[in-house]
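Below, each chain spelled out in residue letters.
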Amino acid sequence: MAYVDGFLLPVPKDKLAAYRSLARKAGKIWREYGALDYVECVADDVQPGKLTSFPQSVKLKANEVVVFSWITYRSRAHRDKVNKQVMADPRLAGMDPKTLPFDGKRMIWGGFKPIVEMRD
């Protein structure tokens, strides 16, 4: 089975185009280093819940939208190797968090081992 990094973050609606541009750049770099898939999705049908929800998890503001993303790898070891290379790549290294088109302090991420996979 593969290994998955998952991400959830708020993006200001007026910075969505800039975020998409950054995501395309990042996705190309992750794929160059061997990531199997790189997917970025913007919320289309996401409602606040009573106890928890995607909007609540990132403390979504009225002018923002939730982005849900994932990157797949062959294994945890493969993920660790790819991420080490990506983080050292000068095309992404040294990005100033103040200039990113999202609030990184409200970003949620983690690595996941699939327990069920069904594909065509």
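What comes next concerns the included structure.

Conventions we followed
- Residues numbered from 1 in each chain as written.
- Predicted model: local features only at pLDDT ≥ 70, side-chain atom pairs only at ≥ 80, totals over all residues.
- Heavy atoms only, no water.
- Helix = DSSP H or I, 4+ residues; strand = E, 2+ residues; numbered from the N terminus.
- Buried < 20%, exposed > 50% of the residue type's maximum accessible area, 1.4 Å probe, protein only.
- Contact = heavy atoms within 4.5 Å.
- Areas by Shrake-Rupley, 256 points an atom, 1.4 Å probe, with all protein chains shown as cover.
- Salt bridge = Lys/Arg side-chain N within 4 Å of Asp/Glu carboxyl O.
- Pairing = 2+ DSSP bridges.
- Axes fitted to C-alpha atoms, helices over the stretch in contact; angles between N-to-C directions.

Notes on the overall build of the protein
Reasoning step 1: When helices and strands are counted, the protein shows 3 helices and 4 strands.
Reasoning step 2: Reading the helices (α) and strands (β) of the protein from amino to carboxyl end gives β-α-β-α-β-α-β.
Reasoning step 3: Taking the principal axes of the C-alpha coordinates as reference, the protein spans close to 40 × 35 × 25 Å.
Reasoning step 4: The burial tally for the protein puts 35% of its 120 residues in the buried class.
Reasoning step 5: Considering only contacts within the protein whose residues lie at least 6 apart along the sequence, 83% involve residues at least 24 apart.
Reasoning step 6: By element, 57% of the accessible surface of the protein is carried by carbon and sulfur atoms, the whole surface being about 8,300 Å².

Remarks on the pattern of salt bridges
Reasoning step 1: Under the counting rule described, the total for this entry stands at 8 salt bridges.
Reasoning step 2: Salt-bridge contacts for Arg91 lead to Glu32; the nearest nitrogen and oxygen are separated by 2.8 Å. Of the two residues, Arg91 sits in the loop between helix H3 (76-88) and strand E4 (108-112) while Glu32 sits in helix H1 (residues 16-32), which places them 59 residues apart along the sequence.
Reasoning step 3: Judged by relative accessible area, which is 37%, Arg91 ranks as partly exposed.
Reasoning step 4: For Glu32, a relative accessible area of 52% translates into the label exposed.
Reasoning step 5: Notably, a salt bridge pairs Arg79 with Asp80, separated by 2.9 Å at the nearest N-O pair.
Reasoning step 6: Under the relative-accessibility criterion, Asp80 is labelled partly exposed at 36%.
Reasoning step 7: One network of salt bridges, in which partners are shared, links Asp5, Arg76, Arg79 and Asp80.

Digging into the sheet that holds E4
Reasoning step 1: The 4 strands are arranged E2-E3-E1-E4 in an open sheet whose pairing can be described as antiparallel. Bordering the open sheet on either side are strand E2 (37-42) and E4, each of which pairs with just one other strand. On average, each strand axis in the sheet is tilted by 15° relative to the strand beside it, whichever way the strands run.
Reasoning step 2: Alignment of strand E1 (residues 3-12) against strand E3 (residues 64-73), held across 10 bridges, turns out to be antiparallel. What sits directly across from Tyr3, in E3, is Tyr73.
Reasoning step 3: Relative to E2, H1 is tilted by about 165°, and along the sheet it contacts E1, E2 and E3.

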